[in-house]
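Chains, contacts and geometry: an overview
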Amino acid sequence: MWIYEKKLQYPVRVSQCNPRLAKYLIEQYGGADGELAAALRYLNQRYTLPDKVKGLLTDIGTEELAHLEMIATMVYKLTKDATPQQLEEAGLGAHYANHDKALFYHNAAGVPWTATYIQAKGDPIADLYEDIAAEEKARATYQWLIDMSDDPDLNDSLKFLREREVVHSQRFREAVEILKDCQGKKKYF
Amino acid sequence: MLMKHDRRVAQAECLRELQELDFVLLELNLYMDTHPYDKQALEQFNCLSKTRRKLVRRYEKCFGPLYNFGLSKNRIPDGWSKGPWPWEI
């Protein structure tokens with residue numbers, strides 16, 4: 001069960017309408033290393049992982065949904081006042097033809113999200129190493145987005161999200177160590 | 001119109017307070033997921049959780065319910081289904 005909280009995890013402000021930036025930000029919405037992929041990956045892996053890490057996967061997976069909402073808010077605010085011409089000039093003409101200004105789960109190049117981006121191996125070490133890699137890839141993506149953005153308000157929120165990836169990666173690394181310790185204590189596994 | 005603007009500013013400020021508190025609570029939560037026997041973290045978490053309940057009550061009194069499905073009381077006017085929604089603030 002999930003309960004909706006009528007607030008963002010962190011404030012999202014944008015300085016001005018900027019559909020070009022929105023086009024790039026969509027990478028973190030419906031891209032391979034984006035927030036949707038992260039949330040669905042962890043919330044699906046958790047069922048069969050060892051008891052010691054079920055809570056962590058549940059909590060980080062839930063936080064990813066809050067990040068997804070922040071990205072959606074950024075895209076919404078960056079495009080809401082744009083004309084169809086401005087969207088076209090920003091490279092969002094194909095998006096507009098199909099979705100108007102509605103959001104959609106695709107990456108910056110328009111490729112729709114697919115479950116093949118994520119894995120659930122049933123092997124705790126394999127799954128957690130994928131999760132650590134996912135966090136590092138998302139952190140790198142946030143860095144490239146910050147490098148391209150000249151919007152100081154937007155960058156403040158993007159930097160917050162970049163730091164969350166670092167924290168998640170560190171927690172997943174701890175989870176790996178916890179599982180290694182447990183395995184070391186068992187006679188067989 | 002100005003009153004509506006002032007209300008939005010006050011709402012964003014109150015939200016900010018809640019977001020700051022939630023940042024600490026979330027950090028402690030994830031920490032305790034991998035350090036479940038840290039009593040100091042536990043004490044801090046439970047103490048801040050109490051502070052949070054008070055802050056939520058204050059927020060909801062001014063700006064309406066924060067949660068659906070019965071976790072918050074609903075009201076008329078400015079009930080659950082009324083905006084602004086988080087992406088509109």
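Refer to the preceding data block for the structure.
Residues numbered from 1 in each chain as written. Chains lettered and ligands numbered in written order. Predicted model: local features only at pLDDT ≥ 70, side-chain atom pairs only at ≥ 80, totals over all residues. Heavy atoms only, no water.

Turning our attention to the overall build of chain B. Helix and strand content of chain B: 2 helices and 0 strands. Over its C-alpha trace chain B gives a radius of gyration of 16 Å, far above what one expects of a compact globule, namely 12 Å for 89 residues. Its C-alpha atoms give chain B principal-axis dimensions of about 50 × 25 × 20 Å. Going through the 89 residues of chain B one by one, you find that 37% of them count as buried. Across chain B, every contact between residues at least 6 apart in sequence was considered, and the portion connecting residues at least 24 apart equals 45%. Looking at charge distribution, chain B has the averaged site of its 15 positive side-chain charges lying 8 Å from that of its 12 negative ones. (Helix = DSSP H or I, 4+ residues; strand = E, 2+ residues; numbered from the N terminus. Rg over C-alpha atoms; globule rule 2.2 N^0.38 Å. Buried < 20%, exposed > 50% of the residue type's maximum accessible area, 1.4 Å probe, protein only. Contact = heavy atoms within 4.5 Å. Lys, Arg positive; Asp, Glu negative; His and termini not counted. Charge placed at Lys NZ, Arg CZ, Asp CG, Glu CD.)

On to the overall build of chain A, then. When its secondary structure is counted, chain A shows 8 helices and 0 strands. Over its C-alpha trace chain A gives a radius of gyration of 18 Å, about what one expects of a compact globule, namely 16 Å for 189 residues. Oriented by its inertia axes, the alpha-carbon framework of chain A measures out at about 65 × 30 × 30 Å. Taken across its 189 residues, chain A has 49% of its residues classed as buried. Once local pairs closer than 6 in sequence are excluded, the contacts in chain A between residues at least 24 apart make up 77%. As displayed, chain A has an accessible area near 9100 Å², and 54% of this comes from carbon and sulfur atoms. (Areas by Shrake-Rupley, 256 points an atom, 1.4 Å probe, with all protein chains shown as cover.)

Moving on, we get to the pattern of salt bridges. Evaluation of the coordinates by the stated rule reveals 18 salt bridges over all chains. Note that Asp51(A) and Lys54(A) form a salt bridge whose closest N and O atoms lie 2.4 Å from each other. Of this pair, Asp51(A) and Lys54(A) both sit in helix H4 (residues 51–79), 3 residues apart, which is roughly one turn of that helix. Looking at Asp51(A), the relative accessible area reads 64%, which means it is exposed. Judged by its relative accessible area of 28%, Lys54(A) is partly exposed. We note a salt bridge from Asp22(B) to Arg52(B), for which the minimum N-O separation is 2.5 Å. With Asp22(B) in helix H1 (residues 2–34) and Arg52(B) in helix H2 (residues 39–63), this pair connects stretches of sequence that are 30 residues apart. Of the two residues, Asp22(B) and Arg52(B), both sit in the buried class. (Salt bridge = Lys/Arg side-chain N within 4 Å of Asp/Glu carboxyl O.)

Here we come to the packing of aromatic side chains. Under the defined criterion, the tally for this structure stands at 10 aromatic pairs over all chains. Between Tyr10(A) and Phe160(A) the ring centres are 4.3 Å apart and the planes differ by 10°, which places this aromatic pair in the stacked class. Separated by 150 residues along the polypeptide, Tyr10(A) in the segment before helix H1 (19–25) and Phe160(A) in helix H8 (residues 152–185) bring together distant segments of the chain. In this structure, Tyr10(A) and Phe160(A) share a single accessibility class: buried. Measuring from ring centre to ring centre gives 5.2 Å for Tyr59(B) and Phe63(B), while their planes differ by 45°; the resulting arrangement is tilted. Placement of both Tyr59(B) and Phe63(B) in helix H2 is noted, with a separation of 4 residues, approximately one turn of the helix. A single burial state applies to Tyr59(B) and to Phe63(B), both of which are buried. (Phe/Tyr/Trp six-rings, centres within 6.5 Å; stacked < 30°, edge-to-face > 60°.)

Further remarks concern the interface of chain B and chain A. Residue-level contacts link 30 residues of chain B with 30 residues of chain A. Between chain B and chain A we count 3 salt bridges in total. When the shortest N-O distance is used, the salt bridge between Arg52(B) and Glu5(A) registers 2.6 Å. The interface formed by chain B and chain A holds 12 residue pairs in polar contact (both at pLDDT 80 or more) in total. (Polar contact = N/O pair within 3.5 Å; in protein donor to acceptor, adjacent residues only side chain to side chain.)

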